[in-house]
Amino acid sequence: MQERDQPWVMRTYAGHSSATDSNALYRRNLAKGQTGLSVAFDLPTQTGYDPDSELARGEVGKVGVPIPHIGEMRRLFADIPLAEMNTSMTINATAMWLLALYEVVAEEQAAAHGSDPGEARHLLAGTTQNDIIKEYLSRGTYVFPPEHSLRLTTDVIAYTVNNIPKWNPINICSYHLQEAGATPTQELAYALTTAIAVLDAVRDSGQVDPADFGTVVGRISFFVNAGVRFVEEMCKMRAFVALWDEITRDRYGVTDEKMRRFRYGVQVNSLGLTEAQPENNVQRIVLEMLGVTLSKDARARAVQLPAWNEALGLPRPWDQQWSLRLQQVLAFESDLLEYDDLFAGSTVVEAKVAELVDGARAEVDRVQAMGGAIAAVESGYMKQQLVSSHAARRARIEAGEEKVIGVNAYVETEVSPLTADLDAAIQIADPAAESSAVAGVQDWRAGRDVQAVDAAIDRLRRDAKTGDNLMPATLEAARSGVTTGEWAGALRGVFGEFRAPTGVTGAVGVAEAGAELAAVRDAVRRTGEELGGRLRLLVGKPGLDGHSNGAEQVAVRGRDAGFEVVYQGIRLTPSQIVAAAIAEDVHCVGLSILSGSHLELVPEVLRGLRAEGMADVPVVVGGIIPAADAVTLKEQGVAAVFTPKDFGLTEIMARIVDEIRRANGLGTLTA
């Protein structure tokens, strides 16, 4: 029998409701054989707001765990020895803050067991995602302008290289780029240009001895996406390996091959998970996992798998266990880990890798000629490229050129026992989580040493105005009891905030209108003439949900259908959306929410419109919305609800025209 390699770190991405509930989930998963933790933080934590902030309304504990202060971080990791754990934290804009809280809790654990607290940080192993550039392009949890965000990233890298030697201070994250529509070539190029921007910033900051720069490169890791096109995705990973080795050797002069190794973790694709026939997602997940594990020369170091029912709602612990067992069967029952690379010498693989490498090099050069990743973000170039690629993919699916089983091909199905009871097929977030978190953070503030808090915040502001590394001031703030919102608020006051380009203006939509889109264009034109002007559609994203891909594609297709589209980007309050609807005198308001906060935020928009005398303007909603919630929304006045199964954007446009006509007392259009 061949000698087996060690399996990758096995994780499930988890966190919800409260630190106490999430801690119980982590301990259960570890007992089942999970070998690392992957922490999901809620949107207020990711974007630097406390649970009682107006913008946190409806978002607390929905897509992750709320961590507003050190007390909640203690609860999150109670009875989990951090010195022995490998923890991945999916956090970007507030990465420095969450790492500081994590380090302080580790020090407290060490002191409680009679160990040297100062030595505790040298034992910490794990990763902060800390890739802020991709947040402007895809995920949307940025806070500060790009240059200041890059400074925070740089400070974390410099601090960890010098003080937490086992920590991966940044996960260059191409995962969300693919979710936003990136082709393999774009995913390669934009991730690598991000890495170049970060490494250049660290080098130029002077915070790391040039002799230690190879160590900086060696601590850089990547977090990638693996889609269902197995050969292409596996070759993409081999291309990543080749390009990273080339960049680190030629641009940064790293001679140690170990430091040039492409180190990556993976979450397999969620973009392709379907609400229709969701049982098909299991084989998709397995095939995608094989793409990053079969090739030994480009094998992932850590793998986390989504659950089969993520397109329906929040997975249950049992669903997460299923995903963990998929990894364990592959790692421990199969002979995958007993052989050298299975694809070495394959002419097919070598040709595909070469094609991807050449394409990525050309796009990297294009971005670098613009001034690098930061300049390409600020100009909107990269965002527009992603929106256009996603629009092209959507068009191929709607035309049937790209088949998705159960969605646009082989849609006939037996009733699935997995979804016979939809309300039981997902986990419902604790409705009391938000009120409990609000009360908790208010109690926390009341019990602090106010002078210590004020002094820590003053130091943070002072250091932000200088070139000092901000990690020491952040650690002081963590120990003093400063809250997440206060830490971010202090830096907002110095750095300001930022609204990234939407990528919708000028983006490529449907090049040629078929009969279906032509009919909708005619309906939009004729309805506008009856109402005395061009139809105007407001696409709004209330709350902190930064998943803007769907909203962007609705905006692009709305424009293709002849609407005048108003889209102002992410992170708006309901009152701001109502104000925009009034100012633009729109005929329909479309709300996109994927964070689960639809029952809290949509009614606020409805109430605001009614208060302003715009009750006759139809409101439609899109997102991951359970059937029971859709019924509730319609009872409250929503005209239509669209979920991932409604993949036909042109059909959605036709429905919107119908709702506008119905709201205005217009009859059915005749051909």
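The notes below deal with the structure included here. (Residues numbered from 1 in each chain as written. Predicted model: local features only at pLDDT ≥ 70, side-chain atom pairs only at ≥ 80, totals over all residues. Heavy atoms only, no water.)

Considering the sheet that holds strand E9 (residues 264-268)
Note: strands within a sheet are paired through backbone hydrogen bonds, in either parallel or antiparallel orientation.
So, point 1. Taken together, five strands build an open sheet; the order of strands is E1-E10-E9-E8-E7 and the sheet is parallel. Every interior strand has two partners, whereas the edge strands, strand E1 (9-11) and strand E7 (170-173), have only one. The sheet shows a mean angle of 25 degrees between the axes of neighbouring strands, direction not considered.
So, point 2. Here three bridges tie E1 to strand E10 (residues 302-304), and the two strands are oriented parallel to one another. Note that in E10 the partner of Val-9 across the bridge is Ala-302.
So, point 3. Running over the sheet, helix H9 (residues 184-205) touches E7 and strand E8 (220-226) and is turned about 165 degrees from E8.
So, point 4. Packing of helix H13 (residues 317-333) onto the sheet brings it into contact with E1 and E10, and relative to E1 it is tilted by some 160 degrees. (Pairing = 2+ DSSP bridges. Helix = DSSP H or I, 4+ residues; strand = E, 2+ residues; numbered from the N terminus. Axes fitted to C-alpha atoms, helices over the stretch in contact; angles between N-to-C directions. Contact = heavy atoms within 4.5 Å.)

Remarks on helix H16 (residues 381-398)
So, point 1. Taking 1.5 Å of rise per residue, the 18 residues of H16 would be expected to cover 26 Å, and the 26 Å separating its terminal C-alpha atoms lies within 8% of that figure.
So, point 2. Within the sequence span of H16, burial applies to Tyr-381, Met-382, Lys-383, Leu-386, Val-387, Ser-388, Ser-389, His-390, Ala-391, Arg-393, Arg-394 and Ile-397.
So, point 3. Immediately beyond the C-terminal end of H16, within one or two residues, lies Gly-400, with a positive phi of roughly 80 degrees. (Expected span 1.5 Å × (residues − 1). Buried < 20%, exposed > 50% of the residue type's maximum accessible area, 1.4 Å probe, protein only.)

Regarding the pairing of strand E14 (residues 619-622)
So, point 1. Taking every second residue as pointing to the same face, both faces of E14 are buried, with Val-619 and Val-621 on one and Val-620 and Gly-622 on the other.
So, point 2. By the bridge criterion, four bridges tie strand E13 (residues 588-592) to E14 in an arrangement that is parallel. Its bridge partner being in E14, Val-589 is matched across the sheet by Val-619.
So, point 3. Direction of pairing for E14 relative to strand E15 (residues 640-642): parallel, over a ladder of three bridges. Along E15, the bridge assignment pairs Val-621 with Val-641.
So, point 4. Following the backbone out of E14, through helix H25 (residues 627-635) and into the adjacent parallel E15, one traces a crossover that is right-handed. (Right-handed = clockwise from strand over helix to strand, strands pointing away.)

Here's the deal with the pattern of salt bridges
So, point 1. Evaluation of the coordinates by the stated rule reveals 44 salt bridges.
So, point 2. For Arg-203, the salt bridge goes to Asp-204, with nearest N and O atoms at 3.1 Å.
So, point 3. On the basis of relative accessibility, which here comes to 38%, the residue Arg-203 falls in the partly exposed class.
So, point 4. In this structure, Asp-522 engages Arg-525 in a salt bridge whose closest nitrogen and oxygen atoms are separated by 2.5 Å. Residue Asp-522 and its partner Arg-525 are located together in helix H21 (residues 515-531), separated by three residues, close to a single helical turn.
So, point 5. One connected set of salt bridges, linked through shared partners, spans Glu-103, Glu-107, Arg-121 and Arg-479. (Salt bridge = Lys/Arg side-chain N within 4 Å of Asp/Glu carboxyl O.)

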